[in-house]
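# Close look at the chain arrangement
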Amino acid sequence: MTKEEMNKRETFSNRMAFVLASIGGAVGLGNVWKFPYITGQHGGAAFIVVYLIALLVIASPVLMTEFGIGRLTGTSYTSALKKLFPGKSWYLVGILGVIALILTLGFYAGIAGWTIAYIFKSVTGSYVGHSAAEIGQAFGSFISSPFQVIFWLLVMIAITAFIVSRGLAGGIEKICNILLPALFLLIIILAIRAVTLPGAAKGLEFYLKPNFSSLTKEAIMAAIGQAFFSLGVGTGNLVIYGSYLKKDKTIGSSTIMVALGDTLAAILFGFIVFPAVFAYNIDSTIGPPLVFITLPTIFAQMKFGMFFATIFFVLLFFACLTSTICIMEAIVGYFTDEIKMSRKKSTVLTTAIVTICGIVMMLSFGVLGDILIFGKIIFDFANDILVSTVLLPLGGILVLVIAGWVMNTKKLIDEINTGEGYKVGKGFEIVIKFIAPIAVLLMFLQSIGLF
């Protein structure tokens, strides 16, 4: 890699390309199974009200911070911290984020691979006429098959790596400009079909009519957590997208567009899930099995069900792909900025590391299922404990400490406000220094049973 190549950094061609790529990074499996699951568990519309407040007051300012650090320094997270604090150890926070991203991409790509498999299952009608028990049994056999889970993991990682290796303009920007509009179109088509199902009105009532008596302390913490992590903040991965951002528009304006896009996707997914599960009298709070067992059961009973099932899993694949692209780009950015490797070599190295991690986690549903860590299989330990309970909250608190207390916050705000558009004020600094860190800390304490 020549010095000229290292000094030349790509930028998004325009703000909309940046917004679409960032929305793509945020919209993913969490919007599909976690948002409806948590909403159903905590009382429907009342939960959504708290979620929207938390998104505006807490999560969006943190997202602005990551974008701001990226554009201010023009590098990925670890290199940005070295640049901001030369000779200090704060860059270790960036390395912590890279570790979290590698683990996340390992299990995320594995599950995303399942969506590709289910596209083919839907096209061929392999579960037409099957009961929920039969579909559940088939899913269990599928994820316990070493060949199946490794094959689809490799397919998903290969697609992601190919796009990332082509760079910003030739790969990431081009694919997100196509996939994001297509994704929202497919969501709307499925939502229209779901709300017209017989019995869907009960689902809409539950989803849209607030019941504030159901808002417990746990529900409020869950809403804050969903808002914070729905945007993908906490690991510094979106610093890389900020480093590709031009200075003609304010970061505040772009962040609002990203937050609205991610929220719209999550809410529209609710219009698919709740009318469908209420129409067929199915529990809306069952979590991940909703996607690969419950919804296929519904599609199998629905008129033209396999057509709509195919649309759904294509939609889910699009959502997963834009997220895996964003995560891999952040890891590749670390190697290109820190080790000065070319983009293609960095992509190959990232692919190798993530593939090894992913295979180990995917095999925990089958041949490695007897290996338990703190009573959990490897996949659940990596996802539920190591990443979700430890690394993400810790990373979120540290990025807030850095932005609000360690670096020159005024300099960060000036960077966020550079260009035309919405400009943040004193409230932003209050959120970054006090409100958001306290909220994330409370979430962490609750997750380990201390609050």
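Residues numbered from 1 in each chain as written. Predicted model: local features only at pLDDT ≥ 70, side-chain atom pairs only at ≥ 80, totals over all residues. Heavy atoms only, no water.

### Thoughts on a nonpolar patch on the surface
Quick note on the threshold: Residues forming no salt bridge and having over 30% relative accessible area are the ones grouped into patches, like charges within 9 Å of each other and nonpolar side chains (Val, Leu, Ile, Met, Phe, Trp, Tyr) within 5 Å. All accessibility values rest on the Shrake-Rupley procedure with a 1.4 Å probe; residue burial counts only the protein chains present in the view. What makes a salt bridge here is a side-chain nitrogen of Lys or Arg within 4 Å of a carboxyl oxygen of Asp or Glu, nothing more. Put simply, DSSP marks the helices as runs of H or I at least four residues long and the strands as runs of E at least two long, and each gets a number from the N terminus on.
A surface patch of nonpolar side chains, about 1000 Å² in accessible area, is lined by Val49, Ile53, Leu56, Val57, Phe212, Trp405, Val406, Ile430, Phe434, Ile435 and Ile438. Counting only elements with at least two residues in the nonpolar patch, the list comes to α4 (45-73), α17 (378-406) and α19 (426-447). Tracing the backbone through its elements, the reader meets Phe212 in the loop between α10 (200-208) and α11 (217-230).

### Comments concerning the packing of α4 against helix α13 (residues 251-279)
Note the threshold: What counts as an axis is a line fitted to C-alpha atoms, over the stretch in contact for a helix, and the angles between N-to-C directions run from 0 to 180 degrees. What sets the label is the angle itself: under 35 degrees gives roughly parallel, over 145 gives roughly antiparallel, 65 to 115 gives roughly perpendicular, and the rest give oblique. In a left-handed crossing the near helix is turned counterclockwise from the far helix by less than a right angle, and in a right-handed crossing that turn is clockwise. Should any heavy atoms of two residues lie within 4.5 Å, those residues are considered in contact.
Between α4 and α13, whose axes approach to 9 Å, the crossing angle comes to 135 degrees. Put simply, α4 runs oblique to α13. Where α4 crosses over α13, the handedness of that crossing is right-handed. Counting all contacts with α4, which are made through Tyr51, Leu52, Leu55, Ser60, Leu63, Met64, Phe67, Gly68 and Arg71, the residues of α13 involved are Ile251, Gly252, Thr255, Val258, Ala259, Asp262, Thr263 and Ile267.

### Structural notes on helix α5 (residues 77-84)
Short version of the rule: Whether a residue is buried, partly exposed or exposed follows from its accessible area with a 1.4 Å probe, protein chains only, as a fraction of its type maximum: under 20%, in between, or over 50%, in that order.
All of the buried residues in α5 are Tyr77, Thr78, Ser79, Ala80 and Leu81. Elements that come into contact with the buried residues of α5 comprise α4, α6 (91-124), α12 (239-243), α15 (305-338) and α17.

### Concerning the pattern of salt bridges
Pairing is possible between side chains of opposite charge, provided their charged atoms come close. If you walk through the whole model with that rule in mind, you get nine salt bridges. Its salt-bridge partner being Glu429, residue Lys433 comes within 3.1 Å of it at the nearest N-O pair. Residue Lys433 and its partner Glu429 are located together in helix α19, separated by four residues, close to a single helical turn. When its relative accessible area of 17% is taken as the criterion, Glu429 is described as buried. When salt bridges with common partners are traced through the structure, they connect Arg71, Lys247 and Glu415 into a single cluster.

### Quick notes on the packing of helix α2 (residues 15-26) against helix α9 (residues 167-195)
Packing of α2 against α9 leaves a shortest axis separation of 9 Å and a crossing angle of 65 degrees. Relative to α9, α2 is oriented roughly perpendicular. Like other packed secondary-structure pairs, α2 and α9 cross with a definite hand, here left-handed. Across the interface between the two elements, Ala17, Leu20, Ala21, Ile23 and Gly24 from α2 touch Glu173, Cys176, Asn177, Leu180 and Phe184 from α9.

### As for the nonpolar core
Just so we agree on the cut-off: What makes a nonpolar core is a set of buried Ala, Val, Leu, Ile, Met, Phe, Trp, Tyr and Cys residues whose side-chain atoms join them at distances within 4.5 Å.
Counting 159 residues, the largest nonpolar core has Trp114, Tyr241, Phe312 and Phe313 as the members making the most contacts within it. If one sorts the elements of this core by residue count, α15 sits on top with 22 residues. With sequence-adjacent residues up to four places away left out, Tyr241 is seen in contact with Phe12, Phe18, Ala21, Ser22, Phe67, Ile172, Ile325, Cys326 and Glu329.

### Re the state of the cysteines
Stated formally: Put simply, a disulfide is two cysteine sulfurs that come within 2.5 Å.
One pass over the structure, following the stated rule, counts zero disulfides. Take Cys326: it sits in no disulfide, and the sulfur closest to it among the cysteines is that of Cys176, at 8.4 Å. Summary of cysteine pairing: Cys357 is not part of a disulfide, and the nearest cysteine sulfur, belonging to Cys326, is at 18 Å. Judged by relative accessible area, Cys357 falls into the partly exposed class, the value being 23%.

### Some thoughts on the environment of Ser22
Structurally, Ser22 is set in helix α2. Filtering out sequence-adjacent residues up to four positions away, Ser22 remains in contact with Phe67, Tyr241 and Val258.

### A few points about unusual backbone geometry
The phi torsion at Phe304 lies on the positive side, around 55 degrees, for a residue other than glycine. Along the chain, Phe304 falls in the loop between α14 (289-301) and α15. The exposed category is assigned to Phe304, whose relative accessible area is 60%. Despite not being glycine, Phe374 shows a phi value in the positive range, around 55 degrees. Inspection of the secondary structure assignment puts Phe374 in the loop between β1 (372-373) and β2 (376-377).

### Structural notes on the packing of aromatic side chains
The geometry of two aromatic rings is summed up by the distance between their centres and the angle between their planes. This is how the line gets drawn: Here is the rule: rings of Phe, Tyr and Trp (six-membered ring for Trp) pair when centre to centre is within 6.5 Å. Planes less than 30 degrees apart are stacked, more than 60 are edge-to-face, and the remainder are tilted.
Scanning the entire structure with this criterion turns up 33 aromatic pairs. Ring geometry for Phe139 and Phe292: centres 5.5 Å apart, planes at 5 degrees, overall stacked. With Phe139 in helix α7 (residues 132-143) and Phe292 in helix α14, this residue pair connects regions lying 153 residues apart in the sequence. By relative accessible area, which is 10% here, Phe139 ends up buried. Judged by relative accessible area, which is 1%, Phe292 ranks as buried.

### A word on the side chain of Thr310
What counts, and what does not: Between N or O atoms, a polar contact is any pair within 3.5 Å; within protein, one atom must be a potential hydrogen donor and the other a potential acceptor, and residues adjacent in sequence are included only when both atoms are from side chains.
Along the chain, Thr310 turns up in helix α15. At 2.8 Å, the side chain of Thr310 and the backbone oxygen of Met306 are in polar contact. In this structure, Thr310 is in contact with Ser122 and Val123, ignoring residues within four places of it in sequence.

### What about the side chain of Thr250?
Locating Thr250 in the fold gives a position in the loop between α12 and α13. A distance of 3.0 Å separates the side chain of Thr250 from the side chain of Ser253, its partner in a polar contact. Beyond its immediate stretch of four places on either side in the chain, Thr250 contacts Ile416, Asn417, Thr418, Gly419, Glu420, Gly421, Tyr422 and Lys423.

Honestly, it's all geometry; don't read function into it.
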